[in-house]
Structures are given as structure tokens and as C-alpha cells.
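# Examination of the molecular architecture
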Amino acid sequence: MSQPQPIRASLFVTCIVDQLYPEVGVSVVRVLRDAGIAVDFPEGQTCCGQPLYNSGFTVEARKLAERTLDILGDREHVVVPSGSCGAMMRVFYLDLFADDPELLARAEDLSRRIYEFTEFLVDVVGYGHGSRNEPVPGATVAYHPSCHLLREMEVTDAPQRLLDATPAVERVELPDAEQCCGFGGTFAVKYPHISEEMLADKVAAATSSGADTLTACDMGCLMHIGGAVSRQGLPFRVRHIAQVLDGEAG
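Right, let's walk through the structure included here. (Residues numbered from 1 in each chain as written. Predicted model: local features only at pLDDT ≥ 70, side-chain atom pairs only at ≥ 80, totals over all residues. Heavy atoms only, no water.)

### Observations regarding the overall build of the protein
- Within the protein, the secondary structure is distributed over 13 helices and eight strands.
- With respect to the principal axes defined by its C-alpha atoms, the protein has extents near 60 × 50 × 25 Å.
- Relative to its 250 residues, the protein shows a buried fraction of 50%.
- At a minimum sequence separation of 6, the contacts of the protein that also span at least 24 residues come to 78%.
- Summing over all exposed atoms, the protein offers an accessible surface of approximately 12,000 Å²; the carbon and sulfur share of this is 52%.
- With 20 positive and 35 negative side-chain charges, the protein shows a separation of 3 Å between the mean positions of the two kinds. (Helix = DSSP H or I, 4+ residues; strand = E, 2+ residues; numbered from the N terminus. Buried < 20%, exposed > 50% of the residue type's maximum accessible area, 1.4 Å probe, protein only. Contact = heavy atoms within 4.5 Å. Areas by Shrake-Rupley, 256 points an atom, 1.4 Å probe, with all protein chains shown as cover. Lys, Arg positive; Asp, Glu negative; His and termini not counted. Charge placed at Lys NZ, Arg CZ, Asp CG, Glu CD.)

### Observations concerning the packing of helix α4 (residues 58-72) against helix α6 (residues 101-111)
- Following both chains from N to C, one finds α4 and α6 inclined at 60 degrees, their axes separated by 11 Å at the closest point. On the basis of the axis angle, α4 is oblique to α6. Relative to α6, α4 is oriented so that their crossing is left-handed. Along its contact with α4, which presents Arg 62, Glu 66, Leu 69, Asp 70 and Leu 72, the element α6 presents Leu 103, Arg 106, Ala 107 and Leu 110.
- In terms of residue class, the contact of α4 with α6 is made up of five nonpolar, no polar and four charged. (Axes fitted to C-alpha atoms, helices over the stretch in contact; angles between N-to-C directions. Parallel < 35°, antiparallel > 145°, perpendicular 65-115°, else oblique. Left-handed = near helix turned anticlockwise from the far one by under 90°. Nonpolar A, V, L, I, M, F, W, Y, C, P; charged D, E, K, R; others polar.)

### Some remarks on the layout of surface pockets
- If you add up the space inside the largest pocket, you get close to 610 Å³.
- Counting residues per element, the ones that place at least two in the lining of the largest pocket are α1 (15-19), α3 (50-54), α5 (83-96), α8 (147-152) and α12 (219-232).
- For the lining of the largest pocket, the element with the highest residue contribution is α12, accounting for four residues.
- Across the lining of the largest pocket, the residue classes tally to 15 nonpolar, twelve polar and one charged.
- Here the second largest pocket defines a volume of roughly 190 Å³.
- Lining of the second largest pocket is provided by Val 31, Asp 34, Ala 35, Tyr 127, Gly 128, Leu 162, Ala 165, Thr 166, Pro 167, Leu 245, Asp 246 and Gly 247.
- Residue classes in the lining of the second largest pocket are distributed as seven nonpolar, three polar and two charged. (1 Å grid on protein atoms, 1.4 Å probe; cavity = no way out; pocket = protein on both sides within 12 Å on 5 of 7 lines; lining within 4 Å. Points joined across faces, edges and corners; volume = space filled by probe spheres on them.)

### With respect to the sheet that holds strand β2 (residues 38-40)
- Pairing in this open sheet of four strands is parallel, and the strands run β2-β1-β3-β4 from one edge to the other. On the outer flanks of this sheet lie β2 and β4 (114-116), each paired with one strand and no other. On average, each strand axis in the sheet is inclined to that of its neighbour by 35 degrees, with strand direction left out of account.
- Each of β3 (78-80) and β4 is contacted by α5, which is oriented at about 160 degrees to β4, the strand it contacts most. (Pairing = 2+ DSSP bridges.)

### Some thoughts on the nonpolar core
- One finds Leu 32, Tyr 93, Phe 97 and Phe 117 to be the most contacted residues of the largest nonpolar core, which totals 75 residues.
- Looking at this core, the element that brings in the most residues is α5, giving seven residues.
- Leave out the neighbours within four places in its chain, and Phe 117 touches Val 28, Val 31, Leu 32, Val 79, Val 80, Pro 81, His 240, Ile 241, Ala 242 and Leu 245. (Core = buried A, V, L, I, M, F, W, Y, C linked by side-chain atoms within 4.5 Å.)

### Considerations on the packing of helix α2 (residues 22-34) against helix α7 (residues 117-125)
- Running from N to C, α2 and α7 point in directions that differ by 5 degrees, and their axes come no closer than 11 Å. By the criterion of interaxial angle, the relationship of α2 to α7 is roughly parallel. Note on element contacts: α7 touches α2 through Phe 117, Phe 120 and Leu 121, opposite Val 28, Val 31 and Leu 32.
- Partitioned by chemical class, the residues of the contact of α2 with α7 number six nonpolar, no polar and no charged.

### Notes on the packing of aromatic side chains
- Taken as a whole, this structure holds four aromatic pairs when the rule is applied.
- With centroids separated by 5.7 Å and ring planes inclined at 40 degrees, the aromatic side chains of Tyr 53 and Phe 92 adopt a geometry described as tilted. Of this pair, Tyr 53 sits in helix α3 while Phe 92 is found in helix α5, placing the two residues 39 residues apart along the sequence. Here Tyr 53 matches Phe 92 in class, with each residue buried. (Phe/Tyr/Trp six-rings, centres within 6.5 Å; stacked < 30°, edge-to-face > 60°.)

### A look at helix α11 (residues 192-209)
- Compared with an ideal rise of 1.5 Å per residue, which puts 18 residues at 26 Å, α11 spans 26 Å between its outermost C-alpha atoms and is within 8% of the ideal.
- Listed as buried for α11 are Ser 195, Leu 199, Lys 202, Val 203, Ala 205, Ala 206 and Ser 209. Around the axis of α11, the buried residues are gathered within 155 degrees of arc, so they sit on the same side. Of the exposed residues in α11, the ones pointing more than 90 degrees away from its buried face are His 193, Glu 197 and Ser 208.
- Of the residues trailing α11, Gly 210 is marked for its positive phi of about 75 degrees. (Expected span 1.5 Å × (residues − 1). Arc of directions from axis to C-beta.)

Shown next as C-alpha cells:
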């Protein structure tokens, strides 16, 4: 009898992970492989085009998006460790190519195969559907839901399910969890004073939660929050959820 073929996933690692936090990419691959996923990394991938798109440079954004369509066009599942980049490819490519029927059809086809990392583990692989019977003492982790993941990709509970099913992790509630951290890519540059106030609120919430670790599914948010944590010498760490699932919490 032939063995069932493993689920295949292609990793779109994102610019910020590739350039600044490669250790997150390592954890993503390790967690996927531990789940029995056959992971590959499409060579030639670059930026999804989101920074240009959000800044109004649609012509330049389309060039990067077309390149992404070429690279990912025949992949079975595309896993993205970022709700922000995932939303760009699943949601905003449809706007970007709305005036080109051929490219729009390709973007629609790709959008059905784009998964944020935790969404893929829960909805495709089936992880996190059964939590532990008893809490396991260990690291306390608070979860920050990033805006694009929650509001554009509509991933609401997959990260929490995975945390609740992870040994040696106790999830604690983050006050006002759904409030933006104030990063928003170029928003933090264009409106620094507003961004700083939003960041202060998020850091205060994380501190009051009593968690050892603040986690999220987007390194943009965590880079923003982590900067404040470092400057203020606060007693908790920031970690991408892949790192928490990979045993790097507390």
C-alpha cells in the first residue's frame, strides 16, 4: 500500500524576517516540519509590494506583485509568517490588478492558496483543535493580534488555539488586545507622535498582563513593541509565535 503524500507548503518568508529576523524563519520551518509538512522555499522571492502599495506607488507595486505571481503561481500552499504580507497577497492584489482581467484571475487563484502561518497549522494541518486537559505550568504568554491578520485575513482564534495547545505555555489575556500597536509600516514614520502614544498604550497593556513573553504573528508589530521594551528595560520579551511554538518563550 502506498504511503499518503505529505502536505506540501512553500514558505514566503517576508522581507522583515529575511533581512532582520532570520531566526523567525528558522522556527517557522522547524514547526512546519515537526508537523509533518514538506516545506520548500521558492528562490527568487522578494518583497510582496506592500510598502510601495501603501505609499501610493502602484506601478512599482505591480511589478513586485507580478514577480510574486510568477514565483508562487503553481505552489500548492503558500505559508506566510505575517498577516500583513499575507493580506497584501490575498486581499490587496485583487485591488492592484482590478483593471487587468488576466492578472486578476491569476491573483484570485493565488489568493485561495495563501495562508498565514497559524491559519495554515489550524485550518489545513488540524493543529490546535484539542487543547490540553490541564494547564501546564510554564511561561506566561500574552497574544497581540495584528491589525491585518485580524481585520483583513479574518484570522481570529488560530493563534490562541495553538498557544493553548502548547505544553509549558500558559496564555494570559492582554488588555485591549485588539487595539493597534501604532506601527502600521510607514504610519509610524509619517505620524510618529500618534504612533508613540499608541505604542505606549500597547506596552502598558503588555506590562499589566504580567506575561513573561508578548507574542504576535507579525514581526513588524513586534519590532515596534520590542524597541520600546528594550529602551525602557521592561521585564518581558517579544517573540514571534513560531518561536513560542518552537520552545522559545519565557
